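Examination of the molecular architecture
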Amino acid sequence: RCERAFSTVLHSNLTFLQQLVAGDSWGQISIPIIEEEPATAVIFLSVMTTINLGLLNLILTVIVDVANSAREQDVRQKLLDKEAEFQAAKNKLFNLCVLLDEDGSGTLTLDE
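Residues numbered from 1 in each chain as written. Predicted model: local features only at pLDDT ≥ 70, side-chain atom pairs only at ≥ 80, totals over all residues. Heavy atoms only, no water.

**What about the overall build of the protein chain?**
For the protein chain, the helix and strand inventory stands at four helices and zero strands. In terms of C-alpha radius of gyration, the protein chain reaches 35 Å, well past the compact-globule figure of 13 Å for 112 residues. When its C-alpha atoms are laid out on the principal axes, the protein chain stretches across 105 × 25 × 20 Å. The buried share among the 112 residues of the protein chain stands at 12%. Counted over contacts in the protein chain with a minimum sequence separation of 6, partners at least 24 positions apart contribute 29%. Here the protein chain has roughly 9100 Å² of accessible surface; of this, 65% comes from carbon and sulfur atoms. For the protein chain, the distance from the average position of its 8 positive side-chain charges to the average position of its 16 negative side-chain charges is 4 Å. (Helix = DSSP H or I, 4+ residues; strand = E, 2+ residues; numbered from the N terminus. Rg over C-alpha atoms; globule rule 2.2 N^0.38 Å. Buried < 20%, exposed > 50% of the residue type's maximum accessible area, 1.4 Å probe, protein only. Contact = heavy atoms within 4.5 Å. Areas by Shrake-Rupley, 256 points an atom, 1.4 Å probe, with all protein chains shown as cover. Lys, Arg positive; Asp, Glu negative; His and termini not counted. Charge placed at Lys NZ, Arg CZ, Asp CG, Glu CD.)

In structure tokens, the structure reads:
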């Protein structure tokens, strides 16, 4: 496989993509290359680390975005709950004032 894998630039890129992005065929291609030229291990491991960190970063971005959306929804819901609570307290106070208004004038005096 090594002879064909690096016979052209296209094959080299496909092999590199297959090994480092898909994680396929490490034993068939990378190990013989690293055994032949140990310095290539740095290149393979650097690329693999970069790709893994990039993928983890994408996954973490999705998780954080979903959590942020849930937090915004929670803040909106809390605001709606507070507004409903305020409206209920306002209605209760209004009903109390109506009960205290003995003469039905719509205003409260000190005597009432």
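**As for the pattern of salt bridges**
A side chain of one charge can pair with a side chain of the opposite charge if their charged atoms are brought near each other. Applying the stated criterion to the full structure yields two salt bridges. Note that R76 is salt-bridged to E72, the shortest N-O span being 4.0 Å. In this pair, R76 and E72 are both assigned in helix α4 (residues 40-100), four residues apart and thus about one turn of the helix distant. Residue R76 is classed as partly exposed on the basis of its relative accessible area of 45%. K78 is paired through a salt bridge with D74; the nearest N and O atoms lie 3.7 Å apart. A residue pair is termed a helical-turn pair when its members lie 3 or 4 positions apart in one helix, as K78 and D74 do in helix α4 at four residues. (Salt bridge = Lys/Arg side-chain N within 4 Å of Asp/Glu carboxyl O.)

**As for the packing of helix α2 (residues 9-20) against α4**
Two elements in contact, α2 and α4, have axes separated by 10 Å at closest approach and are oriented at 60°. One element, α2, and the other, α4, form an angle in the oblique class. With respect to the hand of their crossing, α2 and α4 are arranged in right-handed fashion. In this structure, α2 contributes F16, Q19 and L20 to the contact, and α4 contributes F44, V47, M48 and I51. Looking at the contact of α2 with α4 residue by residue, the classes come out as six nonpolar, one polar and no charged. (Axes fitted to C-alpha atoms, helices over the stretch in contact; angles between N-to-C directions. Parallel < 35°, antiparallel > 145°, perpendicular 65-115°, else oblique. Left-handed = near helix turned anticlockwise from the far one by under 90°. Nonpolar A, V, L, I, M, F, W, Y, C, P; charged D, E, K, R; others polar.)

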